[in-house]
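Here is how the chains run, residue by residue.
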Amino acid sequence: MVFVERSFTIPRPPAVLIDYLKDFSRAQEWDPGTKTCERLDGGPVRVGSTWRNVSEFRGRETRLAYELVRLDEDRLTFVGDNSTVTTTDDLLLVAVPGGTALTYRARLDFKGLFKLAAPFLGREFNRLADEVERVMPQVLANL
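Below: a short report on this structure. These figures come from a predicted structure and were not determined experimentally. (Residues numbered from 1 in each chain as written. Predicted model: local features only at pLDDT ≥ 70, side-chain atom pairs only at ≥ 80, totals over all residues. Heavy atoms only, no water.)

1. Overview of the overall build of the protein chain
Alright, step 1. Along the backbone of the protein chain there are three helices and seven strands.
Alright, step 2. Computed over the C-alpha atoms, the radius of gyration of the protein chain is 15 Å, within 12% of the 15 Å expected from 2.2 N^0.38 for a compact globule of 143 residues.
Alright, step 3. When its C-alpha atoms are laid out on the principal axes, the protein chain stretches across 45 × 35 × 20 Å.
Alright, step 4. Within the protein chain, buried positions represent 41% of all 143 residues.
Alright, step 5. The long-range share in the protein chain, meaning contacts at least 24 apart out of those at least 6 apart in sequence, stands at 47%.
Alright, step 6. Considering the protein chain, the positive charge centre built from 20 side chains and the negative charge centre built from 21 side chains are found 4 Å apart. (Helix = DSSP H or I, 4+ residues; strand = E, 2+ residues; numbered from the N terminus. Rg over C-alpha atoms; globule rule 2.2 N^0.38 Å. Buried < 20%, exposed > 50% of the residue type's maximum accessible area, 1.4 Å probe, protein only. Contact = heavy atoms within 4.5 Å. Lys, Arg positive; Asp, Glu negative; His and termini not counted. Charge placed at Lys NZ, Arg CZ, Asp CG, Glu CD.)

Structure, rendered in structure tokens:
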């Protein structure tokens, strides 16, 4: 298992951020590792909505099927899955003076033989989390 967490403050209210972030297809705007992210179902975004995400990791494309599993006024949780990993992206939003304190947590649970590689991949996932921490606040501040 690999776990990363980053926190930052955005000068926007939580409701504006939740409304934007609940559509995971927008990950390609705030996650530098995401190449494409396409919604698979229709209608309003809700718990159960799904996306196909294509990310690049260490020079290789990775495809994951994501589902929104939690949609609260202060928290979003997406679970992605493929044959090698299950990922959980959890975003917690707390109103603070002047905006929102956002905590982004990503947990990657590797499957099969890929579990053996997890200890060696933590550094790379921390680098990716650093990139999200650099890009996401800029994107969200401009909503």
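Here the narrative resumes, following the displayed structure.
2. Here we look at the packing of aromatic side chains
Aromatic ring pairs are defined here through the distance separating the ring centres and the angle between the ring planes.
Alright, step 1. Counted under the stated rule, the structure contains seven aromatic pairs.
Alright, step 2. Ring centres of Trp51 and Phe78 lie 5.7 Å apart, and the angle between their planes is 75°; on these two criteria the pair is classed as edge-to-face. Of the two residues, Trp51 is situated in strand 3 (residues 50-57) and Phe78 in strand 5 (residues 75-81); the sequence distance between them amounts to 27 residues. Like Trp51, the residue Phe78 is buried in the burial classification. (Phe/Tyr/Trp six-rings, centres within 6.5 Å; stacked < 30°, edge-to-face > 60°.)

3. Quick word on helix 1 (residues 14-21)
Alright, step 1. When we look at burial in helix 1, the residues that qualify are Pro14, Leu17, Ile18, Tyr20 and Leu21. Across the axial projection of helix 1, the buried residues extend over an arc of 165°, all falling on one side. (Arc of directions from axis to C-beta.)

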